[in-house]
Amino acid sequence: MTKTLVLCRHGHRDNSKRELDNGLTDKGREQAKSIKRFFGDRFSADDLKRGVWFVSSPKLRCIETLQPTAKGLERSVDAHPDLDEQNSREGLPGLENRVKRFLSEWSASKVGITVVSSHGDWLPLATHMLLGIEQDFKKGAWLEIEWVSGQAYLKWYVPSFKPFYK
């Protein structure tokens, strides 16, 4: 089975009170709109027939990053605790275990396209586990992986949508 995993880092967030679960800034909302436009350019109606799952860290900024795309397809964004950023109680081994658990769940899934919104610590770990590469994610970045017969291949990497949509 061939399927696609899209990894997106959440858009620019409101940092006025970092301890709060703040949502996106205007810049972050523009990044979310760019993700929606790129998703529409990348995937056809036939692609969507394979099924689409929008799944996010429970943090508001991550959910808001995928909402425009999901709403455009009359879908919701599922919050998944395994996609959350590292917390101070778990340390790196705990984060790695959550990433592995989610990737195992995803690899067993029959959904054709999965779009994930997560954080700058979670996404590089997932990319390394799947592709064996070190990858930094700027806010609003898109990395697309194609999964064919249990093997992951890098399909697209878009560090910024500025050149695409001005």
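Look above for the structure.
What comes next concerns the included structure. (Residues numbered from 1 in each chain as written. Predicted model: local features only at pLDDT ≥ 70, side-chain atom pairs only at ≥ 80, totals over all residues. Heavy atoms only, no water.)

1. Observations regarding the environment of Val55
Checked against the element boundaries, Val55 lands in strand β2 (residues 52–56). Given a relative accessible area of 0%, Val55 falls into the buried group. Considered as a pair, Val55 and Thr114 are 59 residues apart in the sequence and their alpha carbons are 7.3 Å apart. With residues up to four places along the chain from it excluded, the contact list for Val55 reads Leu66, Asp78, His80, Leu83, Phe102, Thr114, Val115, Val116 and Ser117. (Helix = DSSP H or I, 4+ residues; strand = E, 2+ residues; numbered from the N terminus. Buried < 20%, exposed > 50% of the residue type's maximum accessible area, 1.4 Å probe, protein only. Contact = heavy atoms within 4.5 Å.)

2. Quick word on the layout of surface pockets
It is the rolling of a water-molecule-sized probe over the atoms that shows where space remains empty. Volume-wise, the largest pocket comes out at about 270 Å³. Lys27, Gln31, Ser160, Phe161 and Lys162 are the residues nearest the centre of the largest pocket, which is lined by 13 residues in total. (1 Å grid on protein atoms, 1.4 Å probe; cavity = no way out; pocket = protein on both sides within 12 Å on 5 of 7 lines; lining within 4 Å. Points joined across faces, edges and corners; volume = space filled by probe spheres on them.)

3. Details of the nonpolar core
Counting residues in each nonpolar core, the largest one holds 22 residues, and the members touching the most others are Leu5, Leu7, Phe102, Val116, Trp122 and Leu130. Broken down by secondary-structure element, the contributors of at least two residues to this core are β1 (2–9), β2, α4 (91–108), α5 (122–131) and β5 (142–148). Residue contacts for Val116: discarding those within four places in its chain leaves Leu5, Val6, Leu7, Cys8, Val55, Leu66, Leu83, Phe102 and Trp122. Counting 17 residues, the second largest nonpolar core, distinct from the first, contains Ile35, Phe39, Val115 and Val158. (Core = buried A, V, L, I, M, F, W, Y, C linked by side-chain atoms within 4.5 Å.)

Treat this as a map of the structure, not an account of what it does.
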